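# An overview of the molecular structure
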Amino acid sequence: MTVLVVGGLREEHFASTLRAVSGDLEVRVSPNIGRKEDIRYALAWEPPPGLLKTLPNLELIVSVGAGVDHLFRDPELPEVPVVRFVDADLTGRMVEFVVLNVLLHHRRMTEFREQQSKVEWKYLPEPASHDVRVGIMGLGVLGGAASQALAKLGYRLRGWSRTEKRVDGVDCYFGNQLDAFLAETDVLVVLLPLTSETRGLINRNLLAKLSQRGRDERLPGPVLINAGRGGLQVESDILAALDIGQLYAASLDVFETEPLPETSPLWRHPRVVITPHCAAESDPRAIADYTIAQIEALRRGERLKHVVDRTRGY
Ligand code: NAP
Ligand code: GLV
């Protein structure tokens, strides 16, 4: 039984970990594919378009990430099940990222850093967490877990999803209730998948609908945190919103083009925090265990977990 590791930055690391934890799997790393007929499974991030369809015995594609938009960039992706990565380690990392960045802006850390650079000792008022309304777009595995961690810190939570949901301690909105959700949100956390429906959603129109009124006056304006995908956002609109004060600050982990081009004004904006798509990386040991568990389930003829719905795109 052979697995092909393909299309990512850390293929060799993933492959060596898979070899170390699996007894009977042969692990190959693209482009050293060898005899194509041997390959039954692919552990893939962004495979070269058309490559996977040349593997005649492929039975399963495991996504190295929780998101799968990178896989569907291949217009000829074979019609075998695609499972995405759902894992406690990855979820924990994303929860840390979201909590860190909500606190960072709520507690005005970019302003304190700026004051520090000028050796300036100046008090800035900050609201209580229970006066800050955090709205999470995407109430799935990651958004749901982030909402629970933020609720424990006292924030007021609301969330928006495609279908109706019930989540403890969260005011849930769905579908066409987006405007009502935005009107009640001070800190917008984006944890949506990138699909044909969500592409470009974080744009000028949407940002203008965030609550500008009713927030605690000590939080200078709405905040955007995007750890979903860069294709969800229109960066020129985010910059414009920051410039006219419609947004107070932003934390962006994902970008329209990655790496973010040096020329992007986002790099130099004092209220923008940039991280290089590392909010929640896939741990090699966790992805190896997950891949093996999925392969074993397939071999036993069990129903696979976390299978991507190709029509929805996530
Ligand atoms: P998930 O469990 O599939 O949850 C996705 C959520 O988005 C669901 O609540 C879904 O609604 C909602 N949604 C999808 N399309 C929508 C639409 N058109 N309108 C409204 N809501 C919509 O996914 P997840 O595991 O939480 O991961 C979310 C995303 O995070 C991934 O797709 C990936 O892009 C990103 N991610 C980024 C990093 C990073 O390091 N930056 C790491 C991991 C993941 P329903 O509940 O109604 O289906
Ligand atoms: C990372 O971006 C992921 O989708 O897991």
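Residues numbered from 1 in each chain as written. Chains lettered and ligands numbered in written order. Predicted model: local features only at pLDDT ≥ 70, side-chain atom pairs only at ≥ 80, totals over all residues. Heavy atoms only, no water.

On to the packing of helix α2 (residues 88-106) against helix α4 (residues 141-152). Running from N to C, α2 and α4 point in directions that differ by 50°, and their axes come no closer than 9 Å. The angle between α2 and α4 falls in the class oblique. The crossing of α2 and α4 is right-handed. In contact with Leu90, Thr91, Met94, Val95, Val98, Val99 and Val102 of α2, α4 contributes Val141, Leu142, Ala145, Ala146, Ala149 and Leu150. Of the residues that constitute the contact of α2 with α4, the class distribution is twelve nonpolar, one polar and no charged. (Axes fitted to C-alpha atoms, helices over the stretch in contact; angles between N-to-C directions. Helix = DSSP H or I, 4+ residues; strand = E, 2+ residues; numbered from the N terminus. Parallel < 35°, antiparallel > 145°, perpendicular 65-115°, else oblique. Left-handed = near helix turned anticlockwise from the far one by under 90°. Contact = heavy atoms within 4.5 Å. Nonpolar A, V, L, I, M, F, W, Y, C, P; charged D, E, K, R; others polar.)

On to helix α3 (residues 109-117), then. Taken as a whole, α3 has its buried residues at Thr110, Glu111 and Gln115. Viewed along the axis of α3, the buried residues span an arc of 140°, placing them on a single side of the element. Residues Arg113, Gln116 and Ser117 are exposed on α3 and point more than 90 degrees away from its buried face. Looking at the buried residues of α3, the elements they touch are α2 and β12 (272-274). (Buried < 20%, exposed > 50% of the residue type's maximum accessible area, 1.4 Å probe, protein only. Arc of directions from axis to C-beta.)

What follows concerns unusual backbone geometry. A cis geometry characterises the amide bond from Ser30 onward to Pro31, with omega recorded as 15°. As for its placement among the helices and strands, Pro31 is situated in the loop between β2 (26-29) and β3 (39-44). Residue Pro259 follows Glu258 across a cis peptide bond; omega there is -5°. Tracing the backbone through its elements, the reader meets Pro259 in the loop between β11 (249-252) and β12. If you check the backbone angles, Arg108 has positive phi at about 60° while not being a glycine. By secondary structure assignment, the location of Arg108 is in the loop between α2 and α3.

Let us now look at the pattern of salt bridges. Counting across every chain of the model gives 26 salt bridges. In this structure, Arg28 and Glu26 form a salt bridge, with 2.9 Å as the shortest nitrogen-oxygen distance. With a closest N to O distance of 2.9 Å, Glu76 and Lys53 form a salt bridge. Taken as a pair, Glu76 in the loop between β4 (60-63) and β5 (82-83) and Lys53 in the loop between β3 and β4 lie far apart in primary sequence, 23 residues in all. When salt bridges with common partners are traced through the structure, they connect Arg133, Arg158, Asp171, Glu184 and Asp186 into a single cluster. (Salt bridge = Lys/Arg side-chain N within 4 Å of Asp/Glu carboxyl O.)

What the rule picks out here adds up to one cavity of 30 Å³ or more. The volume enclosed by the largest cavity comes to roughly 40 Å³. For the lining of the largest cavity, the elements supplying multiple residues, two or more each, are β1 (2-6) and α1 (11-21). Of the residues in the lining of the largest cavity, the class split is seven nonpolar, two polar and two charged. (1 Å grid on protein atoms, 1.4 Å probe; cavity = no way out; pocket = protein on both sides within 12 Å on 5 of 7 lines; lining within 4 Å. Points joined across faces, edges and corners; volume = space filled by probe spheres on them.)

Near ligand 2 the following residues occur: Trp45, Gly65, Ala66, Gly67, Leu90, Arg229 and His277. The contact in question runs from an oxygen atom of ligand 2 to an N or O atom on the side chain of His277, over 2.6 Å. The fraction of the free accessible surface of ligand 2 (190 Å²) that becomes covered by protein chains is 85%. The residue inventory of the shell around ligand 2, partitioned by class, reads three nonpolar, three polar and one charged. (Near = heavy atom within 4 Å. Polar contact = N/O pair within 3.5 Å; in protein donor to acceptor, adjacent residues only side chain to side chain. Areas by Shrake-Rupley, 256 points an atom, 1.4 Å probe, with all protein chains shown as cover.)

A separate point is the sheet that holds β4. Within the open sheet, the five strands sit side by side as β2-β1-β3-β4-β5. Their pairing is parallel. Each end of this open sheet is capped by a strand with a single partner; those strands are β2 and β5. Summarising the sheet, β1 and β3 pair through five bridges and their orientation is parallel. The residue bridging Thr2 from the neighbouring strand is Ile39, located in β3. Along the sheet, α1 makes contact with β1, β2 and β3, crossing β2 at roughly 175°. Packing against the sheet, helix α8 (residues 284-299) makes contact with β1, β3, β4 and β5, and its axis sits at approximately 155° to β4. (Pairing = 2+ DSSP bridges.)

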